[in-house]
Amino acid sequence: MKMRKNIVAGNWKMNLTPAEGVALINEIATFNPAISGNNQVVFCAPFTHLSEVNKAVASWGNAKVLVGAQNCYYQPSGAYTGEISLDMLMACGVSAVIIGHSERRLYFAESNELLRLKVDAILAKQLMPIFCCGEPLEIRNANTQNEYVAAQLQESIFHLNAAEIIKVVIAYEPIWAIGTGVTASTQQAQDMHAFIRSLLADKYGADVANEITILYGGSCNAANAKELFSQADVDGGLIGGAALKAESFVAIINAMNG
Ligand code: 13P
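**Considering the overall build of the chain**
A tally of regular secondary structure across the chain gives 12 helices and 8 strands. Here the C-alpha radius of gyration of the chain, 17 Å, is about what a compact globule of 258 residues would show, namely 18 Å. Taken along the three principal axes of its C-alpha coordinates, the chain extends 45 × 45 × 35 Å. The buried share among the 258 residues of the chain stands at 53%. Of the roughly 10,900 Å² that the chain leaves accessible, carbon and sulfur atoms contribute 54%. Charged side chains in the chain number 17 positive and 23 negative. The centres of these two groups are separated by 4 Å.

**Observations regarding the pattern of salt bridges**
Under the defined criterion, the tally for this structure stands at 11 salt bridges. The salt bridge involving Asp235 is made with Arg197; its shortest N-O contact spans 2.9 Å. Pair noted here: Asp235 is in the loop between helix 11 (225–229) and strand 8 (236–239) and Arg197 is in helix 9 (residues 186–204), with a separation of 38 residues, a long-range link. Accessibility expressed as a relative area gives 0% for Asp235, which makes it buried.

**Here's the deal with the side chain of Asp233**
For Asp233, the position within the fold is in the loop between helix 11 and strand 8. Overall, the relative accessible area of 13% leaves Asp233 in the buried class. Dropping the residues within four chain positions of it, Asp233 is found in contact with Arg4, Gln190, His193, Ala194, Arg197 and Ile214.

**What to know about the pairing of strand 7 (residues 214–217)**
Taking every second residue as pointing to the same face, both faces of strand 7 are buried, with Ile214 and Tyr216 on one and Leu215 and Gly217 on the other. Note that strand 6 (residues 169–172) and strand 7 share 3 bridges and pair parallel. Residue pairing in the sheet places Ala171 in a bridge with Leu215 of strand 7.

**Quick notes on the site of the ligand**
Surveying the vicinity of the ligand reveals the residues Asn11, Lys13, His101, Glu173, Ala177, Ile178, Gly179, Gly218, Ser219, Leu238, Gly240 and Gly241. Between Gly240 and the ligand, the recorded distance is 2.9 Å, taken from a backbone N or O atom to an oxygen atom. Within the complex, 94% of the 310 Å² of free accessible area of the ligand lies under protein. When the residues that make up the shell around the ligand are grouped by side-chain class, the tally is 3 nonpolar, 7 polar and 2 charged.

**A few points about helix 7 (residues 145–156)**
Its 12 residues give helix 7 an end-to-end C-alpha distance of 17 Å, which sits within 8% of 16 Å, the value for a rise of 1.5 Å per residue. If you check which residues of helix 7 are buried, you get Gln145, Val149, Ala150, Gln152, Leu153 and Ser156. When helix 7 is viewed along its axis, its buried side chains cluster within an angular range of 155° and face the same direction. The elements touched by buried residues of helix 7 are helix 4 (102–107), helix 5 (112–124), strand 5 (128–133), helix 6 (137–141), strand 6 and helix 9.

**Some words on the packing of aromatic side chains**
A full pass over the atoms with the stated rule returns 8 aromatic pairs. Ring geometry for Phe43 and Phe249: centres 5.6 Å apart, planes at 50°, overall tilted. Of this pair, Phe43 sits in strand 2 (residues 39–44) while Phe249 sits in helix 12 (residues 246–254), and the two are 206 residues apart along the sequence. Accessibility classification places Phe43 together with Phe249 in one group, the buried group. Within the aromatic cluster, the residues linked to one another by ring pairs are Trp12, Phe43, Trp60 and Phe249. Over the aromatic face of Phe108 sits the side chain of Arg104, whose NZ or CZ is 4.3 Å from the ring centroid. Sitting above the plane of the Tyr204 ring, Lys203 keeps its charged end 5.5 Å from the centroid.

**Quick word on a nonpolar patch on the surface**
On the surface, a nonpolar cluster with roughly 400 Å² of combined accessible area is contributed by Leu106, Tyr107 and Phe108. Note that Phe108 resides in the loop between helix 4 and helix 5.

**Some details on helix 2 (residues 50–60)**
Within helix 2, burial applies to Leu50, Val53, Ala56, Val57 and Trp60. Projected down its long axis, helix 2 shows its buried positions confined to an angular sector of 120°, all on one face. Helix 2 presents Lys55, Ala58 and Ser59 as exposed residues on the side facing more than 90 degrees away from its buried surface. In this fold, the buried residues of helix 2 make contact with helix 1 (18–30), strand 2, strand 3 (65–69) and helix 3 (86–91). One or two residues past the end of helix 2 sits Gly61, with phi positive at roughly 75°.

What counts as what
One numbering rule holds for all chains: residues counted from 1, following each sequence as written. Two thresholds apply to this predicted model, a pLDDT of at least 70 for residue-level local features and 80 or more for giving and counting side-chain atom pairs, whereas whole-chain, interface and lining totals are computed over all residues. Side-chain metrics rest on all non-hydrogen atoms present in the structure, leaving aside hydrogens and water. The numbering of helices and of strands both runs from the N terminus, where a helix is a DSSP run of H or I of at least 4 residues and a strand a run of E of at least 2. As a reference, a globule follows 2.2 Å times the number of residues to the power 0.38, and the radius of gyration itself is taken over C-alpha atoms. Three labels apply to residues, based on accessible area from a 1.4 Å probe with only protein chains included: buried if under 20% of the type maximum, exposed if over 50%, partly exposed otherwise in between. Residue exposure ignores everything except the shown protein chains as possible cover, and the areas themselves are Shrake-Rupley values with a 1.4 Å probe. Positive charges are assigned to Lys and Arg, negative charges to Asp and Glu, while His and the chain termini are left out of the count. Here the site of a charge means NZ on Lys, CZ on Arg, CG on Asp, or CD on Glu. A pairing counts as a salt bridge when a side-chain nitrogen of Lys or Arg comes within 4 Å of a carboxyl oxygen of Asp or Glu. The criterion used for residue contact is that any of the two residues' heavy atoms lie within 4.5 Å. Paired strands are those between which DSSP finds at least two bridges. Here a residue is considered near a molecule or strand provided that any single heavy atom belonging to it is located within 4 Å of it. By the criterion applied in these results, polar contacts are pairs of N or O atoms within 3.5 Å in which, for protein atoms, one can donate a hydrogen and the other can accept it, and in which residues neighboring in sequence qualify only through two side-chain atoms. Each residue receives one of three labels: charged for Asp, Glu, Lys and Arg, nonpolar for Ala, Val, Leu, Ile, Met, Phe, Trp, Tyr, Cys and Pro, and polar for the others, Gly being one of them. Expected span, for any helix, means 1.5 Å times one less than how many residues it has. Each direction from the helix axis to a C-beta atom contributes to the arc, which is the arc of those directions. Any pair of Phe, Tyr and Trp rings, taking the six-membered ring for Trp, is counted once the centres come within 6.5 Å. Such a pair is stacked with planes under 30 degrees apart, edge-to-face with planes over 60 apart, and tilted for the rest. Both a distance and an angle decide whether a charge sits over a ring: NZ of Lys or CZ of Arg must be within 6 Å of the ring centre and within 35 degrees of the ring normal. Patch membership requires more than 30% relative accessible area and the absence of a salt bridge. Residues of like charge join within 9 Å; the nonpolar side chains Val, Leu, Ile, Met, Phe, Trp and Tyr join within 5 Å.

This is how it looks when you write it as structure tokens:
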């Protein structure tokens with residue numbers, strides 16, 4: 001039996017006002033989606049929304065529903081204008097942090113080296129890093145996606161020891177599938193997830209690899225979530241556009257394998 005967690009995480013990106021975010025969570029809660037067993041749901045909201053989102057999640061009253069941030073800085077405090085520390089996030093009720101989203105790599109020049117520092121800082125605070133990886137279209141077209149993703153993992157998270165890496169959630173998000181309406185086929189998703197798990201098994205052993213949650217992201221929606229999540233190595237999703245509407249997000253939550 002599969003012991004690792006299934007997770008559906010909504011990445012709101014730079015969308016919704018705080019009030020709209022709270023209304024969305026309240027609406028989702030009224031559907032009372034089943035979040036049982038090893039399943040968790042995470043709402044990854046903009047920094048400015050986190051305190052209000054945390055209150056809405058608390059009033060939902062389901063311990064398997066968590067609040068996440070979309071980024072953090074790794075330094076504990078200091079002269080880093082515009083940045084947000086992990087202590088600040090924790091004070092807002094955050095328990096998970098997305099790092100290395102392709103949009104941050106592309107628009108804000110985040111490197112594998114910077115992400116290595118971020119993952120260390122997140123784990124030091126006992127929070128859940130959701131580490132994103134994934135290849136651009138030209139790499140997929142050249143059929144070198146495995147090498148590309150392997151380098152992302154090796155340079156940002158493979159310095160961790162087994163006890164640490166087991167706490168990392170990996171999100172595979174092929175860039176060509178993000179916000180494009182083009183989803184990786186279930187076979188493409190499963191193949192990459194199995195490849196990532198094989199890299200983890202080679203370095204940390206099969207038992208550790210089998211504990212690590214690997215999410216799929218990229219045009220995952222209410223219509224395709226069930227099939228994607230039915231794949232042996234796909235343990236849920238990191239959802240963009242479809243996380244912004246209650247009906248679609250609830251359907252995706254309900255598609256999680258219980
Ligand atoms: P979409 O679901 O909108 O394609 O976005 C995926 C994503 O980037 C989640 O982090």
